[in-house]
Amino acid sequence: MLPDQPPTFRPPTAAERPWWWRLEDASGGVVEVPEPYADQRFASQGDAESWVGEIWAELAEHDVAAVTLLEHDRVVYGPMSLSA
């Protein structure tokens, strides 16, 4: 059995990256999207907002109609429409 990975190689925990987007369809249901869009978590609100600002059109191509920003399980704001 191999030892645990050193801390520099382990993925960050949810506590270290508490910000995330719930991706929603037009009726408010959660949309499952493929990698690299799935399960993205961020260290700060600004990082999360920058990410969605850069890829919102690609998310819309995967039937994401709106996004809601969360910090852990607390809704910060949303749903926010992705339609132009």
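What you see is a predicted model; the values in this text were computed from it and never measured.

Our focus in this paragraph is the confidence of the model for the protein. Do not read the fine detail of predicted coordinates wherever pLDDT is low. Chain-level statistics for the protein give a pLDDT mean of 89 and a share of 81% at 70 or above. When pLDDT is averaged over each element of the protein, strand β3 (residues 66-71) comes out on top at 97 and strand β2 (residues 41-42) at the bottom at 94.

Proteins that are soluble and globular tend to have nonpolar side chains buried together. By size, the foremost hydrophobic cluster in this structure holds 17 residues, and its most contacted members are Trp21, Leu23, Val33, Trp51, Leu59, Val64 and Val67. Broken down by secondary-structure element, the contributors of at least two residues to this core are β1 (19-24), α1 (45-61) and β3. Per element, the largest residue contribution to this core is five residues, and it comes from α1. Each residue touching Trp51, except ones within four places of it in the same chain, is listed here: Trp21, Tyr37, Gln40, Phe42 and Leu59.

About the thresholds
- Residues numbered from 1 in each chain as written.
- Predicted model: local features only at pLDDT ≥ 70, side-chain atom pairs only at ≥ 80, totals over all residues.
- Heavy atoms only, no water.
- pLDDT = per-residue confidence, 0-100.
- Helix = DSSP H or I, 4+ residues; strand = E, 2+ residues; numbered from the N terminus.
- Core = buried A, V, L, I, M, F, W, Y, C linked by side-chain atoms within 4.5 Å.
- Buried < 20%, exposed > 50% of the residue type's maximum accessible area, 1.4 Å probe, protein only.
- Contact = heavy atoms within 4.5 Å.

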